[in-house]
Structure formats: structure tokens, C-alpha cells
Amino acid sequence: MPHLLGLDLGTTGVRGAVIESGDGSIVGDASGPCPYEAPAEGWAEIDAGAWWRAVLAVCGRLRDAGALARVEAVGVTGQA
């Protein structure tokens, strides 16, 4: 059965999960930090490059664990 990769780009980190498409079981998951900056009171900023580096790190951990070998689709969500 093919696997599905879901990526969630959050305000403080990135999480990735690989799911078996047939029964929905989790094949692998990983997460990594991606903190936001608050340059002034009431402000919140995040560098898109930091998100990208976190995505690469998470996918690298999933790849190293062998979880990406059968991924056939990717879904991405984010807070922005």
C-alpha cells in the first residue's frame, strides 16, 4: 500500500507524519523546532527560510528511518 506524508508548519515547529493509506497506521513521525520571533510587543514573525530548514530536517529524519520510501502523496498545512 502507498504511504502519505503530512507536514504541519506550526508557530513553534514543524511536524511530519507518514501514514499507511490503507489502514491509516503511522509508519513514521518526526518533528523539529522552528520558533517565531517577537521583535515588538504584540508582534510575531517567522522566517520562511527557517520553516524550510525545519521541513528539510524533519524529512531527513523520516528518510533516515526508512519511512519515505513508499510515499506517493504529500499534504501540507500551516498556521499562516
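So, here's what we can say about the structure. (Residues numbered from 1 in each chain as written. Predicted model: local features only at pLDDT ≥ 70, side-chain atom pairs only at ≥ 80, totals over all residues. Heavy atoms only, no water.)

### Some remarks on the pairing of strand β1 (residues 3-9)
Along β1, the buried face is formed by H3, L5, L7 and L9; none of L4, G6 and D8, which line the opposite face, is buried. As paired strands, β1 and strand β2 (residues 13-20) are joined by seven bridges and run antiparallel to one another. Note that in β2 the partner of L9 across the bridge is V14. Between the end of β1 and the start of β2, which pair antiparallel, lie three residues. Pairing of β1 with strand β4 (residues 71-78) involves seven bridges; the strand directions are parallel. Each residue of the ladder has a partner; that of L4, found in β4, is A73. (Buried < 20%, exposed > 50% of the residue type's maximum accessible area, 1.4 Å probe, protein only. Helix = DSSP H or I, 4+ residues; strand = E, 2+ residues; numbered from the N terminus. Pairing = 2+ DSSP bridges.)

### Regarding the nonpolar core
One finds L5, L7, L9, V14, V55, V58 and L62 to be the most contacted residues of the largest nonpolar core, which totals 14 residues. Contributing elements (two or more residues each) for this core: β1, β2 and α1 (48-64). It is α1 that provides the largest number of residues to this core, a total of six residues. Ignoring sequence-local partners within four residues, the contact set of V14 consists of D8, L9, A30, S31, G32, W51, A54, V55 and V58. (Core = buried A, V, L, I, M, F, W, Y, C linked by side-chain atoms within 4.5 Å. Contact = heavy atoms within 4.5 Å.)

### Structural notes on the pattern of salt bridges
Across all of its chains, the model carries three salt bridges by this definition. In this structure, D64 engages R63 in a salt bridge whose closest nitrogen and oxygen atoms are separated by 3.0 Å. (Salt bridge = Lys/Arg side-chain N within 4 Å of Asp/Glu carboxyl O.)

### Structural notes on the sheet that holds β2
Strand order across the open sheet formed by four strands is β3-β2-β1-β4, with mixed pairing between neighbours. Lying at the two open borders of the sheet, with one neighbouring strand each, are β3 (26-33) and β4. For this sheet the average axis-to-axis angle between neighbouring strands, irrespective of direction, equals 15 degrees. Judged from the seven bridges that link them, β2 and β3 form a sheet pairing that is antiparallel. Pairing of G13 across the sheet is with P33, part of β3. (Axes fitted to C-alpha atoms, helices over the stretch in contact; angles between N-to-C directions.)

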